[in-house]
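# Chain and residue survey
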Amino acid sequence: MSTSPVYATLGLSRNPFPPTPDAGSYFFTPRLEEDFAEVAHCIEARKGFVLLTGEVGLGKSTMVRRLLDTLKDKNCRSALILNTFLQDSALLSAIQSDFGLPPSDSVEQGLARLTEFLIERHQADETSLLVIDDAQNLSVQSLELVRLLCNLETGQEKLLQILLVGQPELEETLAAPELRQLKSRIVKHARLSGLQKDEMPRYFDFRVNAAGAEGRLSIEPAAVDIVYRVTQGNMRQIHLVLDRCLYGLASTRGSVITEALVQRAVSDMPALGDDAATIAAAVARPRRRWAWIAAGLAAGTTATVALASWGLSSFDGGTPPAASVAAKSPQAPAPKPAPDAPAVAIAPVPAAQIPAAAEPVPAVAAPAAVEPATAAVAAAPAQSSVAETSPRTACEAQLKAVASAEDVLQVQRLPQPTAANALKPNPRVCRFTEGKDAWVAWLGRSEARHILVAQQATRNVQLKLKGLGLLDPREPDDGFFGSKTGEALTRFQQQHGLAPTGKPDDLTFFILEHQHVSAR
């Protein structure tokens, strides 16, 4: 089975938080380990009837599969019944079939044939185990049949070991007076509960490392707090939340699940209940707005999401976040820097400091199709109104005038002022200065809206890196952001004074996209 690009991007060989039982990576808490050992002992010692109950999503089926895997090497033959809507004779026929016996014409004949089979297995020193999952669906008559099967025994041992697995309603059913004989035969009752809050970080580490993370992924304590408050330790719900968070990490090649990411993940998950988002918001501390992409979640797509969040990625404290813009009228107020952006002293700037068309990255003059009011904003002369406008505001206003509904306005500080000199002229780019810092603003497209474009975007990055001699030309242009592409991107970042993370970020790809690249 091929690995989904989402998990491959994070260096995982498979989904660490699958929606189905995963007995191969079974996490033992102290109390779970104790219950598991006692249940296994009762079966191996042929003591008869064992009960396992727990709420939906607490791992009953996973524990059963782990138990069967453990017992199969201990001379144990089992029958697993999953369809408990079969009742009476139909249930008996299903049990016979799972043990490999032919169907019988009557319940009496079926019991006789099953007894003969169990005696043969006992003489061969084999343990016979019957597991009935979702047993809360069984009728009283079917449970009475289970009692009859439990009566099959030798002088010292039970011929058939029975494990009834179900939700808490099964306990209520067994408490009925007519089933008191069956209830009296229970030798072990294991009740599953959810994870404790202090167990959740270890559970996360265990799951992701079993899937190949090797310590590269982690979760913040504040994020653990939200997950626990929302799920109450229910492992199925934990998997739903954390799996969605992995999509957010893959979109930016991140490695830490934050409280903001968890809060966004639970905001639209009906399976968690209507109060989940409210609880998450109440628990979360005040924070900055981090990136999130839900690409492929609802549709289940496996398209590459390595670059799908251009324009949506998170920002460090020294960089003001990008402002999403649709095509608005030029009279609309220009976006203001986010509260966490650094304070910049801005003096009145003459028009000469706004880059002209002859500079490597020109100020954008309004095209002929732009309305007169727009042109007035885009190409205003050096008058008092310009003197009162900050370079950033003027630059953003010019770009907004030519923005479409699909565009996202990006504004970031350049780590090296000379980095802008390598940028080719483009009418969708504007450079400006604030104090001693050089900034660049540009219009990009939100790949989150076009997830299929992300794969092509990755191919374009690979071609750019090959053109710069940073990526081996023998590497395939497969649209997958793997380790080789990441290493090449790291070298590009080092050359341009960027943080050598090897991860997709807006400024890195902006500079890369606007490089003069010759074919090699």
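The structure this text deals with has already been given above.
Now for a look at the structure at hand.

With 36 residues, the main nonpolar core has L12, F204, L217, L242, L246, I257 and V262 as its most contacted residues. At the level of secondary structure, the elements contributing two or more residues to this core comprise α1 (5-9), α9 (200-210), α10 (221-231), α11 (235-252) and α12 (259-266). The biggest single contributor to this core is α11, with 9 residues. In this structure L242 touches F17, F204, I219, V227 and I257, once residues within four positions along its chain are discounted. Within the second largest apolar cluster, 32 residues are counted, among which are L92, I132, I162 and L164.

A word on the packing of aromatic side chains. Per the stated rule, a full pass over the model turns up 10 aromatic pairs. Relative to F510, the ring of W442 lies with its centre 4.1 Å away and its plane at 15°, an arrangement referred to as stacked. Of this pair, W442 sits in strand β11 (residues 437-445) while F510 sits in helix α19 (residues 506-513), placing them 68 residues apart in sequence. There is no split in this pair, since W442 and F510 are both buried. Through successive ring pairs, a cluster of aromatic residues spans Y26, F28 and F36.

Our focus in this paragraph is helix α5 (residues 107-123). When the terminal C-alpha atoms of α5 are compared, their 24 Å separation across 17 residues agrees well with the 24 Å that a helix rising 1.5 Å per residue should span. The complete set of buried residues in α5 reads G110, L111, L114, F117, L118 and R121. Axial view of α5: buried residues confined to an arc of 130°, hence all on one face. Of the exposed residues in α5, those oriented more than 90 degrees away from the buried face are E108, E116 and Q123. The inward-facing, buried residues of α5 contact β2 (76-81), α4 (88-98), β3 (127-132), α6 (140-150) and β4 (160-166). Once α5 finishes, D125 follows within two positions and takes phi at roughly 65°, a positive value.

Right, let's get into α11. An ideal rise of 1.5 Å per residue puts 26 Å on 18 residues; α11 measures up with 26 Å between its terminal C-alpha atoms. The opening residue of α11, the one whose side-chain oxygen lies 3.1 Å from the backbone nitrogen of R236, is N234. Just beyond α11, the residue with positive phi is R253, at close to 55°.

A word on the sheet that holds strand β1 (residues 49-53). The strand order across the open sheet formed by 5 strands is β2-β3-β4-β1-β5, and the pairing between neighbours is parallel. Since the sheet does not close on itself, it has two edges, and those belong to β2 and β5 (186-191), each with one partner. Here the average twist between neighbouring strands, direction ignored, is 15°. One ladder, built from 5 bridges, connects β1 with β4; its direction is parallel. Bridged to L52 within β4 is V165.

Thresholds applied
- Along each chain, residues carry numbers from 1 onward, in the same order as the chain's sequence is written.
- Whole-chain, interface and lining totals are the exception, using all residues; otherwise, since this is a predicted model, local features are given only for residues with pLDDT of at least 70 and side-chain atom pairs are given and counted only at 80 or more.
- No hydrogens and no water enter the side-chain calculation; it runs on all heavy atoms of the structure.
- The term nonpolar core refers to a set of buried residues drawn from Ala, Val, Leu, Ile, Met, Phe, Trp, Tyr and Cys, joined through side-chain atoms within 4.5 Å.
- Summary of the burial criterion: residues with accessible area below 20% of their type's maximum are buried, those above 50% are exposed, and those between are partly exposed, where the area comes from a 1.4 Å probe applied to protein chains only.
- In this description a helix means any DSSP run of H or I spanning at least four residues, a strand means any run of E spanning at least two, and both kinds are numbered starting from the N terminus.
- In this analysis, two residues are considered to be in contact whenever any of their non-hydrogen atoms come within 4.5 Å of each other.
- Any two rings among Phe, Tyr and Trp, with Trp reduced to its six-membered ring, count as a pair given centres within 6.5 Å; such a pair is stacked if its planes are under 30 degrees apart, edge-to-face if over 60, and tilted if neither.
- Each helix should span, by expectation, one fewer than its residue count multiplied by 1.5 Å.
- Each C-beta atom gives one direction from the helix axis, and the arc is the one those directions make.
- Whenever a nitrogen or oxygen atom comes within 3.5 Å of another N or O atom, the pair is scored as a polar contact, on the condition that within protein one atom can donate a hydrogen and the other can accept it, and that pairs from neighbouring residues in sequence are kept only if both atoms are in side chains.
- If DSSP finds at least two bridges between two strands, the strands pair.
- Axes here refer to lines fitted to C-alpha atoms; in helices the fit is confined to the stretch in contact. Angles between the N-to-C directions go from 0 to 180 degrees.

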